[in-house]
Amino acid sequence: MKHLRVLRLANTRVSDATWQSLGSLDQLESLSVFGAAVTPAGLATLTRLTKLRRIYAGETNSAADISAPAANRR
C-alpha cells in the first residue's frame, strides 16, 4: 500500500489510530471520508501527506469548525 494514491473511507469507523496509520501513505493524493468520524487530532496527521491535494468530507460527525490543515490547502 506504499504507493496508494486514492483512498475512500466512506461510512467507516475511522479512529484516531486509523488516522495515524494514514500518515505513512506518502503517495496519497485523494482522500474521501464521507460519513466517517473526523477529529482535529486525526486531521493533524494529514499534514505529513505532502502529495494530498483533495479531501472529500461530508456527513461526518465532526465539529463544523474543523478544516483541512493549512499545509494541505491549495
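Structure: see above.
The next subject is the sheet that holds strand S2 (residues 30-32). Taken together, 3 strands build an open sheet; the order of strands is S1-S2-S3 and the sheet is parallel. For this open sheet the edge positions go to strand S1 (6-8) and strand S3 (54-56), each flanked by a neighbour on one side alone. With strand direction ignored, the average angle separating the axes of adjacent strands in the sheet is 5°. Sheet topology note: the S1/S2 ladder contains 3 bridges and is parallel. Bridge assignment links Leu 7 to a residue of S2, and that residue is Leu 31.

Cut-offs applied
- Residues numbered from 1 in each chain as written.
- Predicted model: local features only at pLDDT ≥ 70, side-chain atom pairs only at ≥ 80, totals over all residues.
- Heavy atoms only, no water.
- Pairing = 2+ DSSP bridges.
- Helix = DSSP H or I, 4+ residues; strand = E, 2+ residues; numbered from the N terminus.
- Axes fitted to C-alpha atoms, helices over the stretch in contact; angles between N-to-C directions.

Shape descriptors only; they carry no functional weight alone.
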